[in-house]
Amino acid sequence: MQESELLQEGLALMGLGMGFVFVFLTILVISVTLMSKLIGRFQPAPVAAPNGRNSAKTSAPKGQDDEVMAVISAAVHRYRSSRRK
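Residues numbered from 1 in each chain as written. Predicted model: local features only at pLDDT ≥ 70, side-chain atom pairs only at ≥ 80, totals over all residues. Heavy atoms only, no water.

S.K.: Can you tell me about the overall build of the protein chain, naming the residues and giving the values?
M.R.: Each helix and strand in the protein chain was counted, giving 3 helices and 0 strands. Ordered by position from the N terminus, the helices and strands of the protein chain form the series α-α-α. Residue burial in the protein chain is summarised as follows: out of 85 residues, 0% are buried. For the protein chain, the accessible surface area stands at approximately 8500 Å², while carbon and sulfur atoms represent 66% of it. (Helix = DSSP H or I, 4+ residues; strand = E, 2+ residues; numbered from the N terminus. Buried < 20%, exposed > 50% of the residue type's maximum accessible area, 1.4 Å probe, protein only. Areas by Shrake-Rupley, 256 points an atom, 1.4 Å probe, with all protein chains shown as cover.)

S.K.: Could you give me a rundown of the confidence of the model for the protein chain, with the residues and numbers involved?
M.R.: Interpretation of this model should avoid reading the predicted coordinates in detail wherever pLDDT is low. Counting all residues, the mean pLDDT for the protein chain is 86, and 87% of those residues have values of 70 or more. When mean pLDDT is taken per element in the protein chain, helix 1 (residues 3-42) scores highest with 95 and helix 2 (residues 53-58) scores lowest with 55. (pLDDT = per-residue confidence, 0-100.)

S.K.: Give me a nonpolar patch on the surface: which residues, what numbers.
M.R.: Among the surface-exposed residues, Phe 20, Val 21, Phe 24, Leu 25, Leu 28 and Val 32 lie close enough to one another that they form a single nonpolar patch of about 590 Å² accessible area. Assignment of secondary structure puts Leu 28 in helix 1. By relative accessible area, Leu 28 is classed as partly exposed at 41%. (Patch = residues over 30% accessible without salt bridge, like charges linked within 9 Å, V, L, I, M, F, W, Y side chains within 5 Å. Salt bridge = Lys/Arg side-chain N within 4 Å of Asp/Glu carboxyl O.)

Following this line, the structure appears as structure tokens:
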């Protein structure tokens, strides 16, 4: 085989491979989009949690937030002071 024939076959194989990947990815994007629309259509919307005792349990007390902020500030200050040396 001559070089021009090898180059032609290589380009044909490359085009075939890239075409296959393009078609596969296009089908994948279309199928994911359709599945997303189907799930959005048939899945009921999530119900918001009622504002009551449950939300009060999840929020941290003010004192604990202040303590966490102080610990984070001290850690940042110590890190910055050790990096300057």
